[in-house]
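# Fold and contact review
Each chain, written out:
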Amino acid sequence: MYVPDKVVTNKDLEKLIDTSDQWIMERTGIRQRHLVSEGEANSDLAIQAAQHALRKANVKAEELDLIIVATVTPDMMFPCTACVIQNKLGAKKAWGFDLSGACSGFLYALVTAAQFIETGTYKKVLVIGSDVMSSIIDFEDRATCVLFGDGAGAVVLEPTEEDGIGILDSILAADGSGGTFLYMPAGGSRRPASIETVQKKMHYVHQDGKNVFKYAVKLMAEVSHEVLARNGFGTEDVKLYVPHQANMRIITAAKDRLKLRDDQVAVNIDRYANTTAATIPSCLAEAQDCGRLQRGDLILLASFGAGFTWGSVLLKWAID
Ligand SMILES: CC(C)(COP(=O)(O)OP(=O)(O)OC[C@H]1O[C@@H](n2cnc3c(N)ncnc32)[C@H](O)[C@@H]1OP(=O)(O)O)[C@@H](O)C(=O)NCCC(=O)NCCS
């Protein structure tokens, strides 16, 4: 994983908007977030995370077959960030694309990548979740600007001959009728950038926080339960539950519905806020780095995001 150097605390935000450290902590569980500095873009974060992942996996960039970048904040509309990264990494053999799944982007990308591995088409796929939410946040809107941070996480997928290890099952879902609860109205072909769209602040995240909250709790808990049950597992079998990090109260509500203990749940929202496609891989990287994961551990990933999009992935950790 990688986050930019600049740390912005709740106290720092108190100087910009009418908010308080206490309100943000109580309503979201966020203490601070890392934000890019001027000139730093998505691919700069993504490359750092990718290089860490490649080193850990002992894989060279030239060996990669495919690069998938989950993001809603690419360096630019085109070419895709995956091509920028392919070039900077020197991954000459790889092709790649960006995938727009918002906060579910990493799970969408992970499951897509797994298909290429399972069919035997490819041997090494790099999956990156990377977002620079500060580039589309209105820092005068206190209801959204306190929630997000910038960051990247990456994993390398490879085939295994061993039964029952790696990705076991997944459920991905979408409901486009939830589209306007969380979206960026302008900048696409519907409303291209103009003086009017800029003046009306249409290039920023617009959100109905209460509705997003409600659906996030319900759907993340349901999909997590469903993927466990259809594979014959109970929540007591889960070593680590890695939910998307949008709000500590959403994480706690999902945890309670699933009847999980605190020590089964990965949390890093307090330090990084909601980094959109990067929350799940960054939690995995932290868990791996602090020795929390052993080979064969059952891990349950779950996400919910704009679209609406949501999903869960059940896996057994494959790394010693
Ligand atoms: C945004 C969110 C934190 C707001 O929390 P909430 O408990 O629903 O708060 P409300 O919207 O009821 O707002 C309560 C009050 O706090 C105020 N408020 C909002 N942001 C504030 C802030 N940063 N500081 C202080 N007050 C704030 C509101 O203006 C409102 O004031 P009012 O009652 O005078 O109108 C919460 O709805 C949320 O996390 N939603 C999900 C968002 C999300 O996860 N998005 C990404 C999904 S992937």
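Residues numbered from 1 in each chain as written. Predicted model: local features only at pLDDT ≥ 70, side-chain atom pairs only at ≥ 80, totals over all residues. Heavy atoms only, no water.

### What about the site of the ligand?
In the region of the ligand, 24 residues are neighbours, and Thr19, Arg27, Gln207, Lys210 and Asn247 sit closest. A distance of 2.4 Å separates an oxygen atom of the ligand from a polar atom in the side chain of lysine 210. Alone, the ligand offers 960 Å² of accessible surface; in the complex the protein occludes 73% of this. Contributions of two or more residues to the shell around the ligand are made by helix H2 (21-28), helix H6 (142-145), helix H8 (209-229), helix H9 (248-258) and strand S11 (298-305). Residues belonging to the shell around the ligand are distributed by class as follows: 11 nonpolar, 8 polar and 5 charged. (Near = heavy atom within 4 Å. Polar contact = N/O pair within 3.5 Å; in protein donor to acceptor, adjacent residues only side chain to side chain. Areas by Shrake-Rupley, 256 points an atom, 1.4 Å probe, with all protein chains shown as cover. Helix = DSSP H or I, 4+ residues; strand = E, 2+ residues; numbered from the N terminus. Nonpolar A, V, L, I, M, F, W, Y, C, P; charged D, E, K, R; others polar.)

### Quick look at the packing of aromatic side chains
This model, assessed by the stated rule, comprises 7 aromatic pairs. Taken together, a centroid distance of 4.9 Å and an interplanar angle of 45 degrees make the contact between phenylalanine 304 and phenylalanine 308 tilted. Both residues of the pair, phenylalanine 304 and phenylalanine 308, belong to the buried class. Taken together, the ring pairs connect Trp95, Phe97, Phe116 and Tyr122 into an aromatic cluster. (Phe/Tyr/Trp six-rings, centres within 6.5 Å; stacked < 30°, edge-to-face > 60°. Buried < 20%, exposed > 50% of the residue type's maximum accessible area, 1.4 Å probe, protein only.)

### Overview of the sheet that holds strand S6 (residues 150-157)
Judged by pairing direction, the sheet is mixed, and its 4 strands sit side by side in the order S4-S3-S5-S6 without closing on themselves. Each edge of the open sheet is held by one strand with a lone partner, namely strand S4 (95-99) and S6. Going from strand to strand, the sheet's axes swing by 15 degrees on average, the running direction of each strand aside. The sheet contact formed by strand S3 (residues 66-70) and S4 spans 5 bridges and is parallel. Note that in S4 the partner of isoleucine 67 across the bridge is glycine 96. Against the sheet, helix H3 (residues 42-57) makes contact with strand S5 (125-132) and S6, and its axis sits at roughly 35 degrees relative to S6, the strand it touches most. (Pairing = 2+ DSSP bridges. Axes fitted to C-alpha atoms, helices over the stretch in contact; angles between N-to-C directions. Contact = heavy atoms within 4.5 Å.)

### Topic: the domain arrangement of the protein
In terms of domains, the protein is made up of domain 1 (6-157) and domain 2 (166-316). Distance from the C-alpha centre of domain 1 to the C-alpha centre of domain 2: 14 Å. Of the residues lining the interface, 41 residues belong to domain 1; the matching set on domain 2 comes to 42 residues. Both faces combined, the contact of domain 1 with domain 2 buries some 3300 Å², and carbon together with sulfur accounts for 62% of it. (Domains from an automatic or database assignment. Buried area = accessible area lost by both parts, 1.4 Å probe.)

### Quick look at the side chain of threonine 279
Mapping threonine 279 onto the fold places it in helix H11 (residues 279-289). Using a relative accessible area of 1% as the deciding quantity, one classes threonine 279 as buried. Apart from residues no more than four positions distant in its own chain, threonine 279 is found in contact with His244, Gln245, Asn268 and Asn274.

### Things to note about the sheet that holds strand S10 (residues 240-243)
Read from one edge to the other, the open sheet built from 4 strands follows the order S7-S12-S11-S10, with strand pairing classed as mixed. Whereas interior strands pair on both sides, the edge strands pair on one side only; in this sheet they are strand S7 (166-174) and S10. Along the sheet, successive strands turn relative to each other by an average axial angle of 10 degrees, direction set aside. In this structure, S10 lies alongside S11, joined through 4 bridges in parallel fashion. Across the sheet, the residue bridging to proline 243 is alanine 302, located in S11.

### A look at the packing of H3 against helix H4 (residues 81-89)
Packed helix pairs are specified by the crossing angle of their axes together with the interaxial distance, meaning the distance between the axes. Where H3 contacts H4, the axes come no closer than 10 Å and their chain directions differ by 55 degrees. Considering the angle they form, H3 stands oblique to H4. For the pair H3 and H4, the crossing hand works out as right-handed. In this structure, H3 contributes Asn42, Ser43, Asp44, Ala46, Ile47, Ala50, Gln51 and Leu54 to the contact, and H4 contributes Thr81, Val84, Ile85, Lys88 and Leu89. Class assignment for the residues of the contact of H3 with H4 results in 7 nonpolar, 4 polar and 2 charged. (Parallel < 35°, antiparallel > 145°, perpendicular 65-115°, else oblique. Left-handed = near helix turned anticlockwise from the far one by under 90°.)

### Some thoughts on the state of the cysteines
In protein structure, a disulfide is the covalent linkage between the sulfur atoms of two cysteines. One pass over the full model with this rule turns up 0 disulfides. The closest cysteine sulfur to the non-disulfide-bonded cysteine 83 is located on cysteine 80, 3.6 Å from its own sulfur. With no disulfide of its own, cysteine 145 lies 16 Å from the sulfur of cysteine 103, the closest cysteine sulfur. (Disulfide = S-S within 2.5 Å.)

### Overview of the pairing of S5
When you tally the buried positions in S5, you get 8 out of 8 residues, the bulk of the element. Relative to S5, S3 runs parallel, the two sharing 5 bridges. Looking across to S5, one finds that isoleucine 68 is bridged to valine 127. Pairing between S5 and S6: 8 bridges, direction antiparallel. Bridge assignment links valine 132 to a residue of S6, and that residue is aspartate 150.

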